[in-house]
Amino acid sequence: MDNLPSIGDRNTQTIVCSFCDDIILRPQTATLTNKPTLLPQMNIEKTPSSDTENNRLSINGNDHVCDSLETFWLVLDMFTFENVGFSNTVNNQTKYLVCANCERGPIGFSPINPLTRQLEKEFYVAFDRIKYK
């Protein structure tokens, strides 16, 4: 991406999968936001380094090394996506987003409302886990 956007800006370029270049979002469909979150690493390490010990998340009883991410593209309607898949619900609180074509991810997440157990109307795509065209 040539010019880094600021929080509150809309995406000016097409957002694509880092692995297969499939389109995830068209231009002007998401807003950059700051939401500090632990997101499981895309390539799980067999032996985590000491600096990742605090960035761990228990997912359905298994311990996963995570990346601490802050910058995400916020999408308010799931039908805005061109090509994204959703994981099963994890720990009764989150669904992870993956590329629907190559199934790599997670590229983002969507929180689950704890009272209704339904998806919130917020979908977060990690700024650093996608490419721009």
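- As recorded by an unreviewed UniProt entry, the protein chain carries the name Guanine nucleotide exchange factor MSS4 and is attributed to Rotaria sordida.

### Side note on the pattern of salt bridges
Link 1 in the chain: A full pass over the atoms with the stated rule returns 4 salt bridges.
Link 2 in the chain: With a shortest N-O distance of 2.6 Å, Asp-21 and Lys-131 are connected by a salt bridge. With Asp-21 in the loop between β1 (15-17) and β2 (23-25) and Lys-131 in strand β10 (residues 130-132), this residue pair connects regions lying 110 residues apart in the sequence.
Link 3 in the chain: Asp-21 gets classed as partly exposed once you look at its relative accessible area, which sits at 33%.
Link 4 in the chain: The shortest N-O distance in the salt bridge between Asp-21 and Lys-133 comes to 3.2 Å. Separated by 112 residues along the polypeptide, Asp-21 in the loop between β1 and β2 and Lys-133 in the segment after β10 bring together distant segments of the chain.
Link 5 in the chain: Each of Asp-21, Lys-131 and Lys-133 takes part in a single network of salt bridges with overlapping partners.

Conventions we followed
Per chain, the residues get numbers from 1 upward, laid out in the order the sequence is written. Where totals are concerned, whole chains, interfaces and linings use all residues; where local detail is concerned, this predicted model gives features only for residues with pLDDT of at least 70, and gives and counts side-chain atom pairs only at 80 or more. Hydrogens are left out, water is left out, and the side-chain values use all remaining heavy atoms of the structure. One side-chain nitrogen of Lys or Arg within 4 Å of one carboxyl oxygen of Asp or Glu is enough to make a salt bridge. Secondary structure elements are taken from DSSP: a helix is a run of H or I of four residues or more, a strand is a run of E of two residues or more, and numbering for both begins at the N terminus. For the exposure calls, accessible area comes from a 1.4 Å probe over protein chains only, and a residue counts as buried if that area is under 20% of its type's maximum, exposed if over 50%, partly exposed in between.

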